[in-house]
Structures are given as structure tokens and as C-alpha cells.
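Residue strings, one per chain:
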Amino acid sequence: MKSVVAVIAISMPLAAQWLNFPTKGIPRTPDGKPNLSAPAPKTADGKPDLSGMWEGNFKYLANLAADLKPEEVPLQPWAAALVKERVSLAHAREESPANCLPSGLPRLYSTPFPYKILQNPAMTIILYENFGVYRQIFTDGRELPKDPQPSWLGYSVGKWEGDTFVVDTIGFNGKTWLDQMGHPQTEATHLTERFRRRDFGHMELQITVDDPKAYTKPWTVRQDQRLVADTELLEMVCAENEKDLAHLGGK
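This is a predicted model, so every value here is computed, not measured. Every chain's residues receive numbers from 1 upward, in the order its sequence appears when written. Thresholds applied to this predicted model are a pLDDT of at least 70 for local features of residues and 80 or more for the giving and counting of side-chain atom pairs; totals over whole chains, interfaces and linings are not thresholded and use all residues. Processing note: side-chain calculations cover all non-hydrogen atoms of the structure and skip hydrogens and water entirely.

1. Things to note about the overall build of the protein
- Strands here mean DSSP runs of E at least two residues long; helices mean DSSP runs of H or I at least four residues long; both are numbered from the N terminus. Summing up its helical and strand segments, the protein has three helices and nine strands in all.
- Counting from the amino terminus, helix and strand elements in the protein follow one another as α-β-α-α-β-β-β-β-β-β-β-β.
- When we talk radius of gyration, it's over C-alpha atoms, and the globule rule is simply 2.2 Å times the number of residues to the 0.38. Relative to the globule expectation of 18 Å for 251 residues, the C-alpha radius of gyration of the protein, 18 Å, shows essentially globular dimensions.
- Each principal axis of the C-alpha atoms in the protein carries an extent, and together these give about 55 × 40 × 35 Å.
- With a 1.4 Å probe rolled over the protein chains alone, any residue whose accessible area is under 20% of its type maximum counts as buried; one over 50% counts as exposed, and the rest are partly exposed. The buried share of the protein, taken over its 251 residues, is 45%.
- The contacts in the protein between residues at least 6 apart in sequence include a share of 63% that link residues at least 24 apart. We call two residues in contact when some of their heavy atoms are within 4.5 Å.

2. Observations regarding the confidence of the model for the protein
- A score from 0 to 100, pLDDT tells how confident the predictor is in each residue. Here the protein averages 90 in pLDDT, while 90% of its residues score no lower than 70.
- Taken as a whole, residues 1-16 scores under 50 in pLDDT and shows 34 contacts with residues more than four places along the chain or in a different chain.

3. Some details on the pattern of salt bridges
- What counts as a salt bridge is simple: a side-chain nitrogen of Lys or Arg found within 4 Å of a carboxyl oxygen of Asp or Glu. Per the counting criterion, the structure on display carries 14 salt bridges.
- Between Lys-159 and Glu-161 there is a salt bridge, with the nearest N and O atoms lying 3.8 Å from each other.
- Note on Glu-161: relative accessible area 36%, which makes it partly exposed.
- The residue Glu-204 makes a salt bridge to Arg-196 at a minimum N-O spacing of 3.7 Å.
- Among the residues examined, Glu-204 registers a relative accessible area of 22% and is labelled partly exposed.
- On the basis of relative accessible area, Arg-196 is assigned to the partly exposed category, the value being 33%.
- Overlapping salt bridges, with partners in common, bring together Lys-159, Glu-161 and Arg-194 in one network.

4. Things to note about the state of the cysteines
- The disulfide definition used here is simple: a pair of cysteine sulfur atoms within 2.5 Å. Under the counting rule described, the total for this entry stands at one disulfide.
- Note that Cys-100 is cross-linked by a disulfide to Cys-238, the S-S spacing being 2.2 Å. Judged by the sign of its S-S torsion, about -70°, the bond between Cys-100 and Cys-238 is left-handed. With a gap of 138 residues between them, Cys-100 in the loop between α3 (77-87) and β2 (115-119) and Cys-238 in the segment after β9 (219-227) connect regions that are remote in the sequence.
- The exposure class assigned to Cys-100 is partly exposed, which follows from its relative accessible area of 22%.

5. With respect to the nonpolar core
- Definition used in this section: a nonpolar core is a set of buried Ala, Val, Leu, Ile, Met, Phe, Trp, Tyr and Cys residues joined via side-chain atoms within 4.5 Å. Core analysis: the biggest nonpolar cluster contains 38 residues, and Tyr-109, Phe-195 and Trp-219 have the highest contact counts within it.
- Among the elements of the structure, β2, β3 (123-128), β6 (164-170), β7 (190-199), β8 (202-210) and β9 are those that each provide at least two residues to this core.
- Top contributing element to this core by residue count: β8, with four residues.
- Not counting residues within four places of it along the chain, the set of residues in contact with Trp-219 comprises Leu-64, Ala-65, Leu-68, Glu-72, Val-73, Pro-74, Leu-178, Ile-207, Thr-208 and Val-209.

6. Focus on the packing of aromatic side chains
- Aromatic pairing here means that ring centres of Phe, Tyr or Trp (its six-membered ring) are within 6.5 Å. Orientation follows from the plane angle: under 30 degrees is stacked, over 60 is edge-to-face, and everything else is tilted. Within the structure shown, the criterion is met by seven aromatic pairs.
- Between Tyr-109 and Phe-195 the ring centres are 6.1 Å apart and the planes differ by 70°, which places this aromatic pair in the edge-to-face class. One end of the pair, Tyr-109, is in the loop between α3 and β2; the other, Phe-195, is in strand β7, and 86 residues separate them in sequence.
- Owing to a relative accessible area of 1%, Tyr-109 belongs among the buried residues under this scheme.
- A residue is classified by how much of its surface remains accessible, and Phe-195, at 1% relative accessible area, is buried.
- On the basis of an interplanar angle of 40° and a centroid distance of 5.8 Å, the ring pair of Tyr-115 and Tyr-128 is categorised as tilted. Here the residue Tyr-115 occupies a position in strand β2, and Tyr-128 occupies one in strand β3, the gap between them amounting to 13 residues. Comparing Tyr-115 with Tyr-128, the two get one shared label, buried.
- Taken together, the aromatic side chains of Tyr-109, Tyr-115, Tyr-128, Trp-160, Phe-165 and Phe-195 make up a single cluster linked through ring pairs.

So this is what it looks like as C-alpha cells:
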């Protein structure tokens, strides 16, 4: 694991942000600081409003299954062997982020870069500062495509189950890793995300990976996401003055 963290340190620059610009609509304590324990906001139709700037926990970038026991990650034999090879850094040059290609899902929730949710009645949009990619999560009643053209972030539809926003995504191209440890993702992946905003500044994200080509059964992880106040997204261009690839192992 130490070797994986070392790769993170050299391959991920720190994100630059807007400085000291108060975000409108954020409740404040008497000293002017964001009150992240205030009640979660609601939309006009009474649903929780997930809109805002968010960031996840860095440890899941190294290992999505950091909170699970090894036996709780039901790898197919070939996938288990591949993870052993990848964790040795023998394939570090093959990672999509090392080549300035998207990190993929669910990895985008645990990079050093924030993301922004824009919630609307018929569509929820997520803008990721990491590599400047975005998602459209359709909530207009459409079904997932029967034969999707494979893509980096897939095709997503969402619905509400009580106060939880449930997103189903398919159509991945299988070219990304779930984490830097090397847990694989294939084109057969069906990803389910469950977003629940507990209060103004804290959101629980439950992620279920259903990939029958790489795992013997679906498996689930939970991550806490934190609101990022008084800042905004900035441009991130990986290929500009890129210096990492030459220092990574593999072909």
C-alpha cells in the first residue's frame, strides 16, 4: 500500500481554487464560518438539494475497498492476479490518469480535486475538476440504453427513493481502474450510486459495483463526502507540461 500512496504523491498535483469568495446561500455561524451542521436544503418540490461543491476522502483513491476485508472484495481469479501485478507498480504507466485520460467512476469521488453538483428537475449534472469531465444524470423517466456506445463515464439515469438519490450507470469502456491499487473495471460494469445529504455540509455516498466479468458478485462501499465552501472549480489540463509518465513503472 505504501507504494500505491507514493504514486499518488507524484502523479496528482494540488488543486488551485478561487480564494476567499463567500458562497451564496450557505448558512453561517456568528463568526461567519459555514455552518455545515445546518439542515440540508430542499428543492421547490421538497426533495433534498444535492447542489454544491463537494470533495471525498483521499484514502479511497489508493484503495476503493479500504474499509473492507480482503474477502469482502469478491474478485474473479484472473482479476485477483491482476491486482497483485498492479499493486507492485509494474503497470503504473498503463493507468488512464497517467496518460491524461479520465480517472473514471467511482474514482472521481476521491481525487484531490473537488466536483460540483447542479441539480435540476429533469437532469442532475456533475462537473469534475479532475480532467474537466462531466456527467449528465437524466431524471426525466428515460431508461438506460439497451446497446450503449462504451464511454469513460457511461450513461446514467437517476431517481429518488425517499431522501436518497439513486443513480444507475452502464456503458463503461473498461479502460479505467477503480483505484490506484488496481481493482479492475470491465465494460460489463453496472454502477449504482446512492447519494444521501445528511445535513448541509455532509453527504453519504454508497457505491455498489456489479461487474460479473471481474467479480463473483456485487460489492458495496460507503464514503463520506464533504461540502467545500467559499470556492469554485478551476480549469485542470493534465497534458499541459506533464512530467509524471516518465517516472512510472511498466511499459
